[in-house]
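# Structure at a glance
Residues per chain are reported as follows:
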Amino acid sequence: LICSSTLIIPTRTASTADATSAQVIAFIYKMMTDAGLKNSGYTVTFTPSDVGAVPKGTQLKVSIQLPYQSIAITNAPLIPVPNTIGRTVIMAKEGP
C-alpha cells in the first residue's frame, strides 16, 4: 500500500495552486481508511508544513510513515523487520 505510486495522487493534489493541508490530509485519511489502515498509527508530514503557503516552483514533500506491526506480513521472530515503513513523494508547487 505505502508505495511511491500511492502517494502520487495526494502529492499531486498538494502541488496544485489552491490546495490546503486540510484537503490533502482528508484525501490521505480516506485513502488509508479505504485500505483498512485508518487506526494503524500512520503519520503524514508535509515539508514545508503549510501546503497552501508554498510558493510556486518550490518543492513540496509529502511523507507517510506507518508502524510495520500494523501491516506485518509475517510474525516470524528470526526475520528482521523495520519498526516503520514509509514513502515520500516530492513535486514542485504549481501556480496561477
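Before reading on, note that the structure itself is shown above.
Residues take numbers from 1 onward in each chain, read along the sequence in its written order. Per-residue local features are limited, in this predicted model, to residues with pLDDT of at least 70; the limit for side-chain atom pairs, both in listing and counting, is 80 or more; totals at the level of whole chains, interfaces and linings are taken over all residues. The basis for every side-chain value is the complete set of non-hydrogen atoms in the structure, without hydrogens or water.

### Notes on the sheet that holds strand 1 (residues 43-47)
DSSP calls a pair of strands paired once it identifies at least 2 bridges connecting them. Secondary structure elements follow DSSP: runs of H or I of four or more residues count as helices, runs of E of two or more count as strands, with numbering from the N terminus. With antiparallel pairing, the three strands of this open sheet are ordered in space as 1-2-3. Both outer strands of the open sheet, strand 1 and strand 3 (84-92), are each paired with one neighbouring strand and no more. Sheet twist, expressed as the mean angle between neighbouring strand axes with direction ignored, is 15°. The pairing of strand 2 (residues 59-67) with strand 3 spans nine bridges and is antiparallel. Note on strand 3: the bridge partner recorded for Val62 is Val89. The convention used is that axes are lines fitted to C-alpha atoms, helices contributing only their stretch in contact, and that angles between N-to-C directions extend from 0 to 180 degrees.

### Re the pattern of salt bridges
Every case where a carboxyl oxygen of Asp or Glu lies within 4 Å of a side-chain nitrogen of Lys or Arg is listed as a salt bridge. All chains considered together, the criterion is met by two salt bridges. Of the charged contacts, one joins Arg12 and Glu94 as a salt bridge, the two residues approaching to 2.5 Å between their closest N and O atoms. Remark: Glu94 occurs in the segment after strand 3 and Arg12 occurs in helix 1 (residues 4-15); sequence separation between them is 82 residues. Judged by its relative accessible area of 36%, Glu94 is partly exposed. We note a salt bridge from Lys30 to Asp34, for which the minimum N-O separation is 2.7 Å. You can see Lys30 and its partner Asp34 sitting in helix 2 (residues 21-34), four residues apart, about one turn around the helix. Across this residue pair, the class does not change: Lys30 and Asp34 are exposed. Buried means the residue's accessible area, taken with a 1.4 Å probe over protein chains only, is under 20% of the maximum for its type, while exposed means over 50%, and partly exposed covers the values in between.

### A closer look at the nonpolar core
Buried together is how nonpolar side chains tend to be arranged in soluble globular proteins. Only buried residues count toward a nonpolar core. Its members are Ala, Val, Leu, Ile, Met, Phe, Trp, Tyr and Cys residues joined through side-chain atoms within 4.5 Å. Among the nonpolar cores identified, the biggest contains 17 residues, and Ala14, Ile28, Met32, Tyr42, Val51, Val62 and Ile64 are the most heavily contacted of them. When contributions to this core are tallied by element, the ones reaching two or more residues are helix 1, helix 2 and strand 2. The contact partners of Tyr42, leaving out residues within four places of it in the chain, are Ile28, Tyr29, Met32, Leu37, Ile64, Gln65, Leu66 and Pro67. Throughout, a residue-residue contact means that at least one pair of heavy atoms, one from each residue, lies within 4.5 Å.

Everything listed here is a matter of coordinates, which is why it stays silent on function.
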